[in-house]
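# Secondary and tertiary structure notes
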Amino acid sequence: MTVTYPDGSTVQLKKGSTFLDAAIAISEGFARKVLAAKINHEFYDLNRQIPGDASVTFMTFDDEAGRKLYWHSTAHVMAAAVKRLFPDAKVAIGPAIDEGFYYDFDVEKPFTEEDLEKIEAEMKAVVNEDSVFEREDISRKDALKLFTDMKEPYKIELAGELEDKNVSLYRLAGFTDLCRGPHIPSSGKIKAFKLLSSAGAYWRGDEKNRMLQRIYGISFPDKKMLKERLEWLEEVKKRDHRILGAKLELYSVDEETGAGLILWHPKGSIIRETIENYWREEHRKRGYELVFTPHIASERVYQRSGHLENYAENMYSPMDIDGTPYYVKPMNCPGHIKIFQSKMRSYRDLPIRLCELGTVYRYERSGVLHGMLRVRGFTQDDSHIFCTPEQAVDEVIGVLNFVVELMGIFGYTFKAYLSTRPEKSLGDEQSWESATTALKEALKRTNVEYELDPGEGVFYGPKIDIKLRDVLGRLWQGPTIQVDFNLANRFDINYIGKDGSEHRVVMIHRVVLGSMERFIGGLIEHYAGAFPVWLAPVQAVVMPLTDAQRDFAVSLVDKMRLVGLRVDLDDRNEKINRKIRDAEEMKVPYMLILGKREIETDTVSLRKRRDGDLGAVPVEDIIERIRVENKEKTRD
RNA sequence: GCCGAUGUAGCUCAGAUGGCCAGAGCGUCUCACUUGUAAUGAGAGGGUCGGGGGUUCGAAUCCCUCCAUCGGCUCCA
């Protein structure tokens with residue numbers, strides 16, 4: 001038979017040859033790397049026979065599919081180890097995830113740290129045995145009987161739901177699992193792995209179900225890769241905004257004040273204020289109008305908006321004002337709508353772009369709170385654009401261009417997702433169709449690449465989600481652009497058209513930063529606390545060597561502050577080494593060292609954080625340098 | 001909310017099996033030193049041992065309960 005490789009070359013193999021044979025035909029070395037094979041979109045284990053003439057693609061750890069099956073296979077190894085150590089454990093599911101794998105088990109007692117170590121040791125044994133993954137195709141009926149005999153209720157449930165008449169089983173080291181496959185040929189292919197954590201997880205993610213114990217892990221074909229991965233995790237830990245936020249005195253959360261409520265300290269406030277000022281400027285430039293709306297509103301408006309119907313579980317209990325219940329606002333939309341409706345609007349007035357740094361409060365379950373990233377009170381950089389249907393595409397384009405520019409300033413790249421109509425949703429098919437088309441058109445015309453996220457839209461309209469990629473390659477929820485039919489209808493938001501009659505507006509809801517809390521929390525990690533000059537709470541510290549330079553230092557600080565720079569004086573009775581160390585620890589971009597020599601020559605010894613000594617520089621040049629970076633928003 | 005872990009000075013952490021006034025380093029304050037590119041030295045002050053309740057002659061240590069934090073599940077700006 002003829003096997004065709006992806007590059008178009010072919011090889012003749014005798015009938016009954018396996019995929020491994022086809023890989024060996026390329027080279028022994030390549031065959032060692034190959035994990036599984038694919039014909040069209042169907043995956044095959046390497047030891048399976050090639051069904052006939054075919055175009056075969058091989059998967060290795062270098063491609064995503066290969067990594068996933070490698071990790072998934074490691075999950076099997078882990079399950080085999082767990083079953084050996086805990087024969088009563090019931091197995092649930094064990095998929096690969098973006099970075100690694102997990103397996104859920106139903107056990108009497110949650111796993112402890114020591115258990116994980118034991119499981120790791122047992123996994124090593126399974127790997128050393130170089131156990132082969134054996135596939136068996138059986139009827140669904142037989143599978144059900146098998147898992148009933150094995151007393152594996154979760155597998156019975158899963159097998160019972162499969163549509164196919166036949167299902168596949170995989171056996172490894174005495175452990176039999178219901179699994180579609182494919183797998184790596186044998187457990188010996190796993191060269192390096194580590195179990196990372198265990199935690200409770202509901203069966204099928206539903207809190208009404210029993211809680212299982214999930215173990216997370218990661219594996220690699222090379223010890224070095226595991227080491228790099230563990231170092232990466234260390235780096236993530238070092239950048240944790242909760243640690244850096246405290247160390248750099250940016251914010252705190254206080255138990256007595258309440259969980260999930262951010263206290264912005266002076267240094268954190270400077271960062272926020274700087275971003276907010278920039279944000280306001282950029283919005284005015286683009287024809288947005290800034291507004292303020294109240295923090296509380298009567299229940300009537302939330303009845304009308306539908307929040308009490310659809311969003312009540314995220315809203316706090318009302319307070320009584322003269323017999324009427326009032327709610328703390330969970331969203332800014334009603335306020336903006338009321339401003340729009342305060343007078344008749346002509347098509348000539350549109351688009352109207354109202355924006356607000358609006359602080360909202362939402363109930364979040366205690367277990368989900370997380371530093372600045374998940375809080376109960378936060379300020380959204382919110383905007384609602386009211387426009388005609390014809391203007392919608394251009395408005396979305398405007399927002400996308402805005403996003404591109406703004407995210408570039410912070411050094412983020414991003415990925416866009418278009419979420420379409422979910423099952424539970426409002427509005428007619430035509431509205432959804434035209435709004436989704438408008439979003440697509442805008443993405444196309446701005447050359448923003450996107451992925452489709454079918455059925456992931458909000459109930460009131462389709463949306464574009466933009467995920468930011470930080471320096472460590474992690475994705476963060478960023479800007480969102482949503483078309484909202486619901487509110488436009490509920491509030492009956494109209495404009496007078498050319499024809500003199502009323503028409504429904506198109507309402508576009510969007511945030512660019514998301515919320516100040518989440519955005520800045522993310523920025524802390526993105527920059528590892530070392531904010532660029534324009535955002536740094538302290539841009540420079542002036543350090544006199546001895547008291548003799550103190551007066552000169554004070555006048556230098558004053559001079560720099562006068563031109564708007566954020567400068568501190570470190571005139572503590574400490575050695576210069578100490579002052580430098582402390583400023584480096586606080587991630588201050590510039591250190592200005594003043595000694596006798598400098599004063600004589602009207603220079604300052606300039607030191608850049610992380611880079612070190614830059615030598616003596618005339619005072620004016622230093623001021624200019626920092627001013628330029630401040631103005632240009634230069635990143636390190 | 002659920003599962004597990006954790007909570008000792010401003011910070012990082014010691015304090016087996018319950019037993020004299022609860023310790024260290026860093027930071028803070030005071031004094032000395034007047035300093036040349038990542039921690040000068042000495043001294044002093046600082047703790048309801050997360051809150052409440054209980055067991056005990058005696059609790060930071062054991063039990064109950066609440067709160068918060070951390071890792072997840074679910075959800076989300």
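Keep in mind it's a predicted model, so treat the numbers as computed, not measured.

What follows is about the environment of Ser-501. Tracing the chain through its elements places Ser-501 in the loop between β26 (494–496) and β27 (502–504). Along the sequence, Ser-501 and Glu-276 sit 225 residues apart, while their C-alpha atoms lie 39 Å from each other. Leaving out residues up to four positions away in the same chain, Ser-501 has contacts with Tyr-495 and Ile-496.

This part takes up helix α20 (residues 619–632). Because each turn of an α-helix spans 3.6 residues, side chains separated by three or four positions end up pointing in the same direction. Across its 14 residues, α20 extends 20 Å between first and last C-alpha, which sits within 8% of the 20 Å expected from 1.5 Å per residue. Of the residues making up α20, those classed as buried are Val-619, Ile-622, Ile-623, Ile-626 and Glu-629. For α20, the angular spread of the buried residues around the axis is 135°, confining them to a single face. In α20, those exposed residues whose orientation departs by more than 90 degrees from the buried face are Lys-631 and Glu-632. Looking at the packing, one finds that the buried side of α20 touches β29 (540–544), α17 (550–562), β31 (590–594), β32 (603–608) and β33 (612–618).

Attention now moves to the nonpolar core. Residues Ile-275 and Phe-410 are the most contacted members of the largest nonpolar core, which totals 62 residues. Excluding residues that lie within four positions of it along the chain, Ile-275 makes contacts with Phe-410, Leu-513, Met-516, Phe-519, Ile-520, Leu-523 and Leu-535. Membership of the second largest hydrophobic core comes to 41 residues, among which are Val-107, Leu-116, Tyr-170 and Leu-172.

Next up on the list: the pattern of salt bridges. Following the criterion strictly, the structure yields 54 salt bridges and no others. When the shortest N-O distance is used, the salt bridge between Asp-149 and Lys-145 registers 3.3 Å. Of this pair, Asp-149 and Lys-145 are both found in helix α5 (residues 140–149), four residues apart, which corresponds to roughly one turn of the helix. Residue Asp-394 pairs with Arg-445 through a salt bridge whose shortest N-O separation is 3.3 Å. You can see Asp-394 sitting in helix α13 (residues 392–410) and its partner Arg-445 sitting in helix α14 (residues 429–445), a full 51 residues away along the chain. Its relative accessible area of 47% is what places Asp-394 among the partly exposed residues. Taken together, the shared-partner salt bridges in this structure form one network comprising Arg-272, Glu-276, Arg-280 and Glu-517.

Reading across from one edge, β17-β19-β18 is the order of the three strands in this open sheet, with antiparallel pairing throughout. Two strands close off the open sheet at either side, each with one partner strand: β17 (296–298) and β18 (319–321). When strand polarity is set aside, the average angle formed by the axes of neighbouring strands in this sheet is 40°. As paired strands, β18 and strand β19 (residues 324–328) are joined by three bridges and run antiparallel to one another. Note that in β19 the partner of Ile-321 across the bridge is Thr-324.

Taken in spatial order, the three strands line up as β9-β10-β11 in an open sheet, and their pairing is antiparallel. Each edge of the open sheet carries a strand with a single partner, namely β9 (134–139) and β11 (175–178). Neighbour-to-neighbour, the strand axes of this sheet turn through a mean angle of 30°, independent of strand direction. Both β9 and strand β10 (residues 166–172) contribute to a ladder of six bridges, which runs antiparallel. Across the sheet, residue Glu-134 finds its bridge partner in β10, namely Arg-171. Each of β9, β10 and β11 touches α5; the most contacted strand, β9, lies at about 110° to it.

A few words now on a nonpolar patch on the surface. The grouping of Ile-296, Met-319 and Ile-321 at the surface amounts to a nonpolar patch, some 200 Å² of accessible area in total. Along the polypeptide, Met-319 turns up in strand β18.

Here we take up the domain arrangement of chain A. Split into domains, chain A comes out as domain 1 (2–59), domain 2 (64–236), domain 3 (251–293 + 332–526) and domain 4 (540–632). Computed over C-alpha atoms, the centres of domain 3 and domain 4 are 41 Å apart.

Next up on the list: the protein's contact with RNA strand B. Around RNA strand B, a shell composed of 55 residues is seen, among which Arg-374, Asn-573, Arg-578, Glu-598 and Ser-605 lie nearest. Here RNA strand B approaches the protein such that, of its atoms within 4 Å, sugar and phosphate make up 49%. Between RNA strand B and the protein, one listed contact pairs a base nitrogen with a side-chain N or O atom of Tyr-202 at 2.6 Å. Between Arg-242 and RNA strand B, the recorded distance is 2.8 Å, taken from a side-chain N or O atom to a phosphate oxygen. Of all the secondary structure elements, the ones that give two or more residues to the surface near RNA strand B are β12 (192–202), β13 (211–220), β21 (377–387), β25 (475–484), β28 (506–515), α18 (576–585), α19 (596–601) and β32.

Conventions used here
Each chain has its residues counted from 1, running along the sequence as written. Just so you know, chain letters begin at A and ligand numbers begin at 1, following the order they were written in. It should be noted that, the model being predicted, local features are given only for residues of pLDDT at least 70 and side-chain atom pairs only at 80 or more, the latter also being counted only at that level, while totals for whole chains, interfaces and linings use all residues. Side-chain figures throughout are based on the complete set of non-hydrogen atoms in the structure, without hydrogens or water. Numbering of helices and strands runs from the N terminus, with a helix taken as a DSSP run of H or I at least four residues long and a strand as a DSSP run of E at least two residues long. Contacts are assigned to residue pairs with any non-hydrogen atoms lying within 4.5 Å of each other. Helix span, expected: 1.5 Å multiplied by one less than the number of residues in the helix. Accessible area is worked out with a 1.4 Å probe on protein chains only. A residue is then buried under 20% of its type maximum, exposed over 50%, and partly exposed in between. Here the arc refers to the directions that run from the helix axis out to each C-beta atom. Residues belong to a common nonpolar core when they are buried Ala, Val, Leu, Ile, Met, Phe, Trp, Tyr or Cys residues joined through side-chain atoms within 4.5 Å. Criterion for a salt bridge: a side-chain nitrogen of Lys or Arg within 4 Å of a carboxyl oxygen of Asp or Glu. The pairing criterion is simple: DSSP has to find at least two bridges between the two strands. Interaxial angles span 0 to 180 degrees and are taken between N-to-C directions of axes, which are lines fitted to C-alpha atoms, for helices over the stretch in contact. A patch consists of residues whose relative accessible area exceeds 30% and which take part in no salt bridge; residues with like charges are grouped when within 9 Å of each other, and nonpolar side chains (Val, Leu, Ile, Met, Phe, Trp, Tyr) when within 5 Å. All accessible-area figures derive from a Shrake-Rupley calculation using a 1.4 Å probe, and residue coverage is judged against the displayed protein chains alone. The domain boundaries here were taken from an automatic or database domain assignment. What makes a residue near a molecule or strand is one non-hydrogen atom of that residue sitting within 4 Å of it. Side-chain atoms alone can form a polar contact between residues adjacent in sequence; in general such a contact is a pair of N or O atoms within 3.5 Å, and within protein one must be able to donate a hydrogen while the other accepts it.

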